[in-house]
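Structural features, examined
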Amino acid sequence: MAEGSDARFELVIGGREVPGAKGEHRPILDPATNRPAAQAAVGSRDDAHHAMEVAETAFRESNWAADDGARRGKALYRLAALLEGQAEAFARLETINMGKPLRESRGDIAYVVRTLEYFAGAADKVEGESIPVPGPRIDYTVREPLGVTVHVAPWNYPLLLSIRSVAPALAAGNAVVLKPASLTPLTAVAFARLAKEAGLPDGILNVVLGSGSEVGEALVTDPRCASVTFTGSGEVGRRIAELAAPRFVPVTLELGGKGPVIVFPDADLERAAKGIGYGIFGNAGQMCWAASRLLVHESIRAPFVEKVRGIAEHLKLGPGTAEGVEMGPLVSSDHLAHVLDYVRDARESGGTVVVGGAKADEPDLAAGNFLRPTVLADVPASSRAVREEIFGPVLSVASFSDADEAVRLANDTPYGLLAALWTRDLATAHTVARRLESGMVVVNESPTTYPQTPFAGVKGSGVGFEQGFRALDTFARRKNVLINIGVARKKA
Ligand code: NDP
């Protein structure tokens, strides 16, 4: 796979790599050094509409949608196998582009392979049902693909969060147009190159690079757009929902969170501290489901915070490609400044920085976007650092006296994606899990998900869901067919 500051990544439309109508390229920066890692084509509104046209033609004229689902499944299995065969190269590309440690990128690519396999197996199970109705009638439903589905992806898990919705859309027989984030387009392009080799008809999987405001909006408003799946900020999610509304285009939105992690005094505190470390410092905290608000029982607050502080202090920072690195840089210098702004705000509103809170300035890190893992305490519940999604390695700490207070504090947020709790008591686990206003709850685990389990938020965290067998419903509509079989046949 081509790599290096001159390597070009183009749009992939109709099975061909094309530079785009503008003929422009822009540097893609390695966040560990802020030096160019590759050049990416700058797509335009015209390219977006062209991709939609090509996708629609492929949908209508190729045998992808009409074919036996098992054949689509086989193509997706082949795609998974091809990706698995190049997993190390893909992981490297993801790390160079996004910054996360190679160990995490390897995990991301393995997750993509597993997602493709899961939905490959589902492709021949897009079933309808037979429904009893009165009289001499038969009623049944058939499931049909929607047409051209649009997928707008973020930069924090570039390939994983793209394929999480692309895989079920393809399995159900749709044609796909994917727009990766401008900061991290590389693995999406590399992935689309594999589609041809796997036997997907040209035009069934297209990738358009370019800005959200131009290319993203053109895709969402294109008359051929049959559904939109978006992962990113609430602000852009709202904009996309508004743009899709006039044509009643269905929208799935995954918009981030401000996850609470509740630690009861009976928990395995060693495991809890490690899990919390992963839940906020993994991927440098750039996770929609980050466990970013620690709520710890007041009786164990001081020793527990000390454990978490120790973990933060000893995490090895460095470029994701270096051996043994546990936390990489933030995705861009702008994002680093954005996260530091929250830390400043927390300080100014009376909070204390228990550990971290500053850019790493060692000579080998200074050019990159490295932030020290940060723990904040005593930040007022009304401050921006506690209310808003920071999307960085920043944990805020508060304490509670009983389960009621823990639930109240946990639910006191506009978001509702993932909540975590640590306890050995089964009754506490079940009763608190039920009372948490979130789409997902993990007990005695750091944030964990699988392709077969639904991934969804409530409140400001979004609408619809991804993953799990029922994700196929998002991409295959139901048609009801009612037949009266009581009509006497005419004699010949
Ligand atoms: P955005 O929501 O701006 O971007 C996500 C995707 O949407 C990108 O592909 C982007 O393209 C595209 N996009 C932007 N504007 C439009 C538009 N008007 N129409 C269609 N598509 C559009 O996220 P940011 O990258 O700016 O991150 C901002 C904040 O969002 C983060 O700090 C974090 O809080 C949150 N976030 C949450 C994520 C999650 O997993 N839930 C993931 C990423 C961010 P382009 O890259 O070209 O702008």
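Everything quoted here is computed from the prediction, not taken from an experiment.

What counts as what
Residues numbered from 1 in each chain as written. Predicted model: local features only at pLDDT ≥ 70, side-chain atom pairs only at ≥ 80, totals over all residues. Heavy atoms only, no water. Salt bridge = Lys/Arg side-chain N within 4 Å of Asp/Glu carboxyl O. Buried < 20%, exposed > 50% of the residue type's maximum accessible area, 1.4 Å probe, protein only. Helix = DSSP H or I, 4+ residues; strand = E, 2+ residues; numbered from the N terminus. Pairing = 2+ DSSP bridges. Core = buried A, V, L, I, M, F, W, Y, C linked by side-chain atoms within 4.5 Å. Contact = heavy atoms within 4.5 Å. Near = heavy atom within 4 Å. Polar contact = N/O pair within 3.5 Å; in protein donor to acceptor, adjacent residues only side chain to side chain. Areas by Shrake-Rupley, 256 points an atom, 1.4 Å probe, with all protein chains shown as cover. Nonpolar A, V, L, I, M, F, W, Y, C, P; charged D, E, K, R; others polar.

Quick look at the pattern of salt bridges now. Counted by the stated rule, this structure contains 31 salt bridges. Put simply, Arg224 and Asp222 hold a salt bridge, and the shortest N to O gap is 2.9 Å. On the basis of relative accessible area, Arg224 is assigned to the partly exposed category, the value being 24%. Owing to a relative accessible area of 0%, Asp222 belongs among the buried residues under this scheme. One salt bridge in this structure joins Glu306 and Arg309, with 2.8 Å as the shortest N-O distance. Of this pair, Glu306 and Arg309 both sit in helix 10 (residues 301-314), three residues apart, which is roughly one turn of that helix. Three or more residues joined by partner-sharing salt bridges are found here, namely Asp341, Arg344, Asp345, Arg384 and Glu388.

The next point concerns the sheet that holds strand 6 (residues 130-131). Reading across the sheet, the three strands line up as 6-7-23 and stay open at both edges, with antiparallel pairing between neighbours. Strand pairing shows two members of the sheet lacking a second neighbour, strand 6 and strand 23 (476-484), which therefore form its edges.

Counting 141 residues, the largest nonpolar core has Leu83, Leu116, Phe191, Leu200, Val263, Leu294 and Phe304 as the members making the most contacts within it. It is helix 4 (residues 102-122) that contributes the most residues to this core, 10 residues altogether. Here Leu294 is in contact with Val261, Val263, Ile276, Phe304, Leu395, Ser396, Val397 and Ala398, once residues within four sequence places are set aside. Of all hydrophobic cores here, the second largest spans 13 residues; its members include Ala406, Leu421, Ala429 and Val432.

The next point concerns the site of the ligand. As a matter of local geometry, the ligand sits amid 28 residues, with Ala153, Trp155, Ser182, Glu217 and Ser233 nearest to it. At 2.5 Å, a side-chain N or O of Trp155 approaches an oxygen atom of the ligand. Between the ligand and the protein, one listed contact pairs an oxygen atom with a side-chain N or O atom of Ser182 at 2.5 Å. Within the complex, 84% of the 870 Å² of free accessible area of the ligand lies under protein. For the shell around the ligand, the elements supplying multiple residues, two or more each, are helix 7 (212-221), strand 11 (225-231) and helix 8 (234-244). Of the residues assigned to the shell around the ligand, the class counts are 12 nonpolar, 11 polar and five charged.

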